[in-house]
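Chain and residue survey
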Amino acid sequence: MRRVAIFLGSADGHDPAHAELAIGVGKELARRGIGIVYGGGRRGLMGTIADSALEAGGEVVGVMPTSMVEREWAHEDVTELVTCDSMHERKALMADRADAFVALPGGLGTLEEIFEVWSWRQLGFHSKPVGFLDAGGFWTPLLDALQGLVDSGFLDASTLRDAAVAPDLPGLLDALEDRLRSAPHPAHGA
Ligand code: AMP
């Protein structure tokens, strides 16, 4: 895995553990020589993970629509800041440049981004694995709600299992690597 797309909050969240998590993930990815692709923001956990990876000598690629850069939302010191015209283009560029997708704690933007790449994987539009870093059980309520979709017949159990979930980064990277090595998800038909 050369580069991972990270979706995470543009806010810090109330619990300081979230920022500690982002710092640890940024540092560890840099140590492993794995680059980060993210939304290019300087605020919240987005800024924190970028700072941490850059400080540890890692590669950080930010992708942001020009209108957001003009509002001074961009991190100014990333390795590369890719600008584009729309949020759709931004997500496509991020997806192209990453080998896997990971959600850290975040809000609506984070959910929207991870669900998009996950649903596209389900449909076979790409075969890059998707994962949730479930530190402190942050994503457990969401994953429980998704189990409800399985129970009601709207989500395949195999699709839910297809998302890598681990409480720490080493465990999550192992699970993503497993999925990269294995055949495409059966629901893809690919
Ligand atoms: P949220 O989880 O709602 O804070 O949104 C974070 C996600 O949406 C990030 O992964 C970004 O790609 C995008 N995003 C939302 N707000 C911002 C912002 N102020 N600066 C940069 N990206 C943002």
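Keep in mind the model is a prediction, meaning the values are calculated, not measured.

Reading guide: rules and limits
Residues numbered from 1 in each chain as written. Predicted model: local features only at pLDDT ≥ 70, side-chain atom pairs only at ≥ 80, totals over all residues. Heavy atoms only, no water. Pairing = 2+ DSSP bridges. Helix = DSSP H or I, 4+ residues; strand = E, 2+ residues; numbered from the N terminus. Axes fitted to C-alpha atoms, helices over the stretch in contact; angles between N-to-C directions. Contact = heavy atoms within 4.5 Å. Left-handed = near helix turned anticlockwise from the far one by under 90°. Patch = residues over 30% accessible without salt bridge, like charges linked within 9 Å, V, L, I, M, F, W, Y side chains within 5 Å. Areas by Shrake-Rupley, 256 points an atom, 1.4 Å probe, with all protein chains shown as cover. Salt bridge = Lys/Arg side-chain N within 4 Å of Asp/Glu carboxyl O. Buried < 20%, exposed > 50% of the residue type's maximum accessible area, 1.4 Å probe, protein only. Near = heavy atom within 4 Å. Polar contact = N/O pair within 3.5 Å; in protein donor to acceptor, adjacent residues only side chain to side chain. Nonpolar A, V, L, I, M, F, W, Y, C, P; charged D, E, K, R; others polar. Expected span 1.5 Å × (residues − 1).

1. Concerning the sheet that holds strand β2 (residues 35-38)
Taken in spatial order, the seven strands line up as β4-β3-β2-β1-β5-β6-β7 in an open sheet, and their pairing is parallel. A strand with exactly one partner marks an edge of an open sheet, and here the two such strands are β4 (80-84) and β7 (164-166). Sheet twist, expressed as the mean angle between neighbouring strand axes with direction ignored, is 25 degrees. Of the pairings in the sheet, the one linking strand β1 (residues 3-7) to strand β5 (residues 100-103) comprises four bridges and is parallel in character. Considered in β5, the bridge of Ile 6 is made with Val 102. Packing of helix α4 (residues 87-97) onto the sheet brings it into contact with β1, β2, β3 (60-65), β4 and β5, and relative to β3 it is tilted by some 160 degrees. Most of the contacts of helix α8 (residues 169-181) go to β7, to which it runs at about 160 degrees, and overall it touches β5, β6 (130-133) and β7.

2. Looking at the packing of helix α1 (residues 16-31) against helix α2 (residues 44-55)
Relative placement of two packed helices is described by the angle separating their axes and the distance separating the axes. Where α1 meets α2, the axes come as close as 7 Å, and the angle between the chain directions of the two elements is 35 degrees. Here the hand of the crossing between α1 and α2 comes out right-handed. In contact with His 18, Ala 19, Ala 22, Ile 23, Val 25, Gly 26, Lys 27 and Ala 30 of α1, α2 contributes Leu 45, Thr 48, Ile 49, Ser 52 and Ala 53.

3. Digging into a nonpolar patch on the surface
On the surface, Trp 120, Leu 123 and Phe 125 cluster together into a nonpolar patch covering about 370 Å² of accessible area. Structurally, the position occupied by Phe 125 is in the loop between α5 (108-122) and β6. Looking at Phe 125, the relative accessible area reads 66%, which means it is exposed.

4. Describing the site of the ligand
If you check the shell around the ligand, you find 17 residues, and the closest are Ser 10, Gly 107, Gly 109, Thr 110 and Glu 113. Taking Gly 107, its main chain carries an N or O atom lying 2.7 Å from an oxygen atom of the ligand. Between Gly 109 and the ligand, the recorded distance is 2.8 Å, taken from a backbone N or O atom to an oxygen atom. Alone, the ligand offers 480 Å² of accessible surface; in the complex the protein occludes 87% of this. Residues that form the shell around the ligand fall into these classes: seven nonpolar, eight polar and two charged.

5. A look at α1
Compared with an ideal rise of 1.5 Å per residue, which puts 16 residues at 22 Å, α1 spans 23 Å between its outermost C-alpha atoms and is within 8% of the ideal. Buried within α1 we find His 18, Leu 21, Ala 22, Val 25, Gly 26, Glu 28, Leu 29 and Ala 30.

6. Let's talk about the pattern of salt bridges
Within this structure, the stated rule accounts for eight salt bridges. Note that Lys 91 is salt-bridged to Glu 112, the shortest N-O span being 2.3 Å. Placement of Lys 91 in helix α4 and of Glu 112 in helix α5 is noted, with a sequence separation of 21 residues between them. Glu 112 gets classed as partly exposed once you look at its relative accessible area, which sits at 36%. One salt bridge in this structure joins Arg 181 and Asp 178, with 2.9 Å as the shortest N-O distance. Here Arg 181 and its partner Asp 178 are both found in helix α8, three residues apart, which amounts to about one turn of the helix. Bridged by salt links that share partners, the residues Glu 28, Arg 31 and Arg 32 form one connected network.

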